[in-house]
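Coordinates in review
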Amino acid sequence: MTRLHPRAALRRTAGGLAAAGLLAAGSLAAGAPAQADSPAFTLGGPAETALHPYPASGSPQKTSLALTVSNPDEDEESYGYEGEVTYTVDFSGIAGVAVVSPAEDTGADCTITGTTAVCHDYGVYPGLSGIADFGLAAAKGSTDGASGTIRVTGEAEGATFVPFSTKVVVGGPDLVMEQIPFDRETKPGDVQPAPVTFTNKGSRAADGVLLTLMYSRGLDIPERYANCEYDGEAGEEPQDAFAWSTALCAVEGSYEPGATYTLAVPLSVRATERAYYDTFVYRIHEDSAAQRSAQRAGAPFARGAGPELTLKKVTSSARSADLDPWNNQQEADFRTENTADFAAYGAKAEGAEGATVTAEVGYRNEGPAWIGYIRSGEAVATLDVTVPAGAEVTGKPESCQGVTAAGRYREKQLGAPRYFCDSSMTVRDGADIALPFQLKINEVVPGASGAVTVRNTWLSEPALPFDPDTSDNTAQLVLNPADTGSEDTGGTSEGASTGTEGATGGDTSGSTSGTSGTTGSSGDAATSGSTTASGTSGTSGSASTDSGGILASTGSAALMATAAAAVALAAGGVLYATNRRRAQQI
């Protein structure tokens, strides 16, 4: 009998992004949706797991099998199903094909007896959660191509589970992508060849391959191949925070073990006029309906009208039983010599003493470059807003942090003399980031004015590294102007006592939404930036009347979890969240 101890590890999707475990081996499979009354849960895992053949000498190499459960509850405040849950994993179908061993990373409390594992847990949280992980290795005496099936069932009082089965096979293709020697320093208009090359280091041939190409908004692949499908221009939709374009190219043929293949004619990667910081991801898989579905991520695709993309064999070598799903992908980051002009705009508003007005301030990215920190996940810029004399902020965007006049930490968020508002990690060209503030006029001060400045997230280093023109980085927020026609605020927002109507011009595709931060210290501790925004570059910030304290930000610290999620999304891999389970059972 083998005992697996529960592990209280939390896998979260990052920022945009989701706490995540990346299953690059292939798509997750699940049973058909349950039709029974709620609660109804769906068990899942990888559709197929390939094992390294049993070696002539030494120990067999293990492969991890991660099983999941999905709770469709969409209530963000819900704890999901709360009760005892039992999962049963039947390994009898892989007898003689594979052996099972405990894995270090497991969620439930599992006991393995013979060919059965019984896992006890408490609760099923909303979303996709991990049940348990198991180690699989080819059984001694198993042959290349041998296969079997693992079946998983669940049981809980008052709940139903859709069962799940997964195929286990010994051997298989292992497509290993080689790195392309790109020039990473580019200029707009530069075009580089991309001779995509891979080797099958597995034990069997691949029946057709699916080449997935993903590239951020500043890059383009000029060719449109007839056997490729494209999902449109990167970042053309306002809600597209990551601004990725995807091309899926299916190439027929048998790709032999030990052989290396490359594109017969290299495709091209071009740095566009929008390029600044960009990433190109190229990934290879054996072609299958499951892989195509996993790489599509629900986006609409259109087939190219040009010639077909083809592959040719380069070399042959000895077989290598290296079935490693993590080497199917390579990535290249580009830094393009380019600029983006961030222009701040202010507002004008009028109102009597005691009235509340709404003023919409913000900034636009007038290009030509889009700016995206998709690796680090940090904010691109901060809007620094000083409140005019005689007024008090009674409502603010969620992405804005109230600070002291000197820019130091302040616990109370409403009524602050100054606000720092971080952008999201991407601000596309043409974006308009509009932020509405509700201002109560406690005293009419004719011509009272506050500054609206778009700057770097570090208060001590305000210059935006991509914006050499600082002449339009500051505008004015004016209340009860003495001469409404003489003050240039960079925008207008004139209104009566019940509010104002912003006319900011340009498109309204930028966004800053959401807040997060780290614990601030005392009132005299300097803050280097504003709260980290976790929205998309698509919608303007929403007003909030929350008077609770928002923790001070430490500035533009790299959000590594966000970077991991960005890379995972770029890879087209499968993300799943393993939610934290309660430390004690009731």
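That block above? That's the structure.
The structure contained in this document is the topic of the report that follows. (Residues numbered from 1 in each chain as written. Predicted model: local features only at pLDDT ≥ 70, side-chain atom pairs only at ≥ 80, totals over all residues. Heavy atoms only, no water.)

**A closer look at the overall build of the protein chain**
Across its full length, the protein chain holds two helices and 44 strands. Classification of the 586 residues of the protein chain by burial places 52% in the buried group. Within the protein chain, contacts between residues separated by at least 24 positions form 82% of all contacts whose residues are at least 6 apart in sequence. Total accessible area computed for the protein chain in this model is approximately 24300 Å², and 49% of it derives from carbon and sulfur atoms. (Helix = DSSP H or I, 4+ residues; strand = E, 2+ residues; numbered from the N terminus. Buried < 20%, exposed > 50% of the residue type's maximum accessible area, 1.4 Å probe, protein only. Contact = heavy atoms within 4.5 Å. Areas by Shrake-Rupley, 256 points an atom, 1.4 Å probe, with all protein chains shown as cover.)

**Observations concerning the packing of aromatic side chains**
Scanning all chains against the criterion turns up 17 aromatic pairs. Here the aromatic rings of Phe41 and Tyr81 are separated by 5.7 Å at their centres, their planes lie at 65°, and the arrangement is edge-to-face. Within this pair, whereas Phe41 is found in strand β4 (residues 40–46), its partner Tyr81 is found in strand β7 (residues 81–90), the two being separated by 40 residues in sequence. Residue Phe41 is classed as buried on the basis of its relative accessible area, which comes to 0%. Residue class for Tyr81 comes out buried when judged on its relative accessible area of 14%. (Phe/Tyr/Trp six-rings, centres within 6.5 Å; stacked < 30°, edge-to-face > 60°.)

**Some points on the environment of Phe182**
Take Phe182: it is sitting in the loop between β15 (175–177) and β16 (185–186). Expressed as a C-alpha distance, the spacing of Phe182 and Ala194, which sit twelve residues apart in the sequence, is 7.9 Å. Discounting chain neighbours no more than four positions away, the residues touching Phe182 are Gln192, Pro193, Ala194, Val269, Phe280, Tyr282, Ala332 and Phe334.

**Quick look at the sheet that holds strand β24 (residues 267–271)**
The strand order across the open sheet formed by three strands is β17-β24-β20, and the pairing between neighbours is antiparallel. The open sheet has two edge strands with one neighbour each: β17 (191–194) and β20 (219–220). Here β17 runs beside β24; their pairing, made up of four bridges, is antiparallel. Considered in β24, the bridge of Val191 is made with Arg270. (Pairing = 2+ DSSP bridges.)

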